[in-house]
Amino acid sequence: MQIIGNLGRDPEMRFTQGGTPVTNFSVAVSRSWQSRDGELREETEWFRVVAWTRLAEIANEYLRRGSKVYVEGRLATRTWQDREGNDRTTTELVAQEMLMLGGRDEGPQRDDYDSQAGGYAGGQGAGRSDAQDDEISPDDLPF
């Protein structure tokens, strides 16, 4: 399944008991059309997206509320019991590929974008820890 839309909120990253990163975010996909009576209509569908491992880290670091994103993956349905013992079911898009779309004004506000290097520098505003000395190379990105 493939979707293109905008994040409804900032991604939330957590870790499994084994230490594997997993990031959840929601994407709004809108469509518009003109009804038979000439009225412009719009409909928005929300998708829950879950990303794992390195893709989870990238989503958490670079995506923000309002970011435009392309996500490709598979649908997965899971069931659990809530605190009151009620059965709950959700269907999520498990991300296998992701592309950040739009310009700088449509996504995260970063001060250190280096267009010649093709990425973000490790300084303030780049969403990276000061303890991290290595740069992200194109080989690190899953897209």
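Source: prediction; values computed, not measured.

Enquirer: What am I meant to see in the layout of surface pockets here?
Expert: Think of a ball as big as a water molecule: rolled over the atoms, this probe shows where empty space is left. Taken as a whole, the second largest pocket spans an internal volume of roughly 310 Å³. Arg14, Asn24, Arg48, Arg78 and Glu92 are the residues nearest the centre of the second largest pocket, which is lined by 16 residues in total. For the lining of the second largest pocket, the secondary-structure elements that each account for two or more residues are strand 2 (12-15), strand 3 (21-34), strand 4 (40-52), strand 5 (68-81) and strand 6 (87-101). Its residues placed into classes, the lining of the second largest pocket shows seven nonpolar, two polar and seven charged.

Enquirer: Looking at this structure, how should I read the pairing of strand 4?
Expert: A regular strand places its side chains on the two faces of the sheet in alternate fashion. Bridge analysis of strand 3 against strand 4 gives 13 bridges, and the strand direction is antiparallel. Across the sheet, Ser26 pairs through a bridge with Arg48, a residue of strand 4. Linking strand 3 back to strand 4 in an antiparallel pair, the connection comprises five residues, with Gly38 at a positive phi of about 90°. With three bridges connecting them, strand 4 and strand 6 associate as parallel partners. Its bridge partner lying in strand 6, Val49 is registered against Leu93.

Enquirer: Can you walk me through the packing of aromatic side chains in this structure?
Expert: The description of two aromatic rings rests on the distance between their centres and on the angle between their planes. Inspection of the entire model under this criterion finds zero aromatic pairs. Looking at Arg31, its charged tip hangs above the ring of Trp33, at a distance of 4.2 Å from the centre. The residue whose ring lies beneath Arg78 is Trp80, and the NZ or CZ to ring-centre distance is 5.0 Å.

Enquirer: Sorry, what's going on with the nonpolar core here?
Expert: The nonpolar side chains of a soluble globular protein tend to be buried, and buried together. Counting 18 residues, the largest nonpolar core has Phe25, Val49, Val71 and Met98 as the members making the most contacts within it. At the level of elements, strand 1 (2-7), strand 3, strand 4, helix 1 (53-62), strand 5 and strand 6 are the ones that each hand at least two residues to this core. Among the elements that line this core, the one with the most residues is helix 1, at five residues. Residue contacts for Phe25: discarding those within four places in its chain leaves Leu7, Pro11, Phe47, Arg48, Val49, Ala59, Leu63, Val71 and Met98.

Here is what the cut-offs are and how they apply
- Residues numbered from 1 in each chain as written.
- Predicted model: local features only at pLDDT ≥ 70, side-chain atom pairs only at ≥ 80, totals over all residues.
- Heavy atoms only, no water.
- 1 Å grid on protein atoms, 1.4 Å probe; cavity = no way out; pocket = protein on both sides within 12 Å on 5 of 7 lines; lining within 4 Å.
- Points joined across faces, edges and corners; volume = space filled by probe spheres on them.
- Helix = DSSP H or I, 4+ residues; strand = E, 2+ residues; numbered from the N terminus.
- Nonpolar A, V, L, I, M, F, W, Y, C, P; charged D, E, K, R; others polar.
- Pairing = 2+ DSSP bridges.
- Phe/Tyr/Trp six-rings, centres within 6.5 Å; stacked < 30°, edge-to-face > 60°.
- Lys NZ or Arg CZ within 6 Å of the ring centre and 35° of its normal.
- Core = buried A, V, L, I, M, F, W, Y, C linked by side-chain atoms within 4.5 Å.
- Buried < 20%, exposed > 50% of the residue type's maximum accessible area, 1.4 Å probe, protein only.
- Contact = heavy atoms within 4.5 Å.

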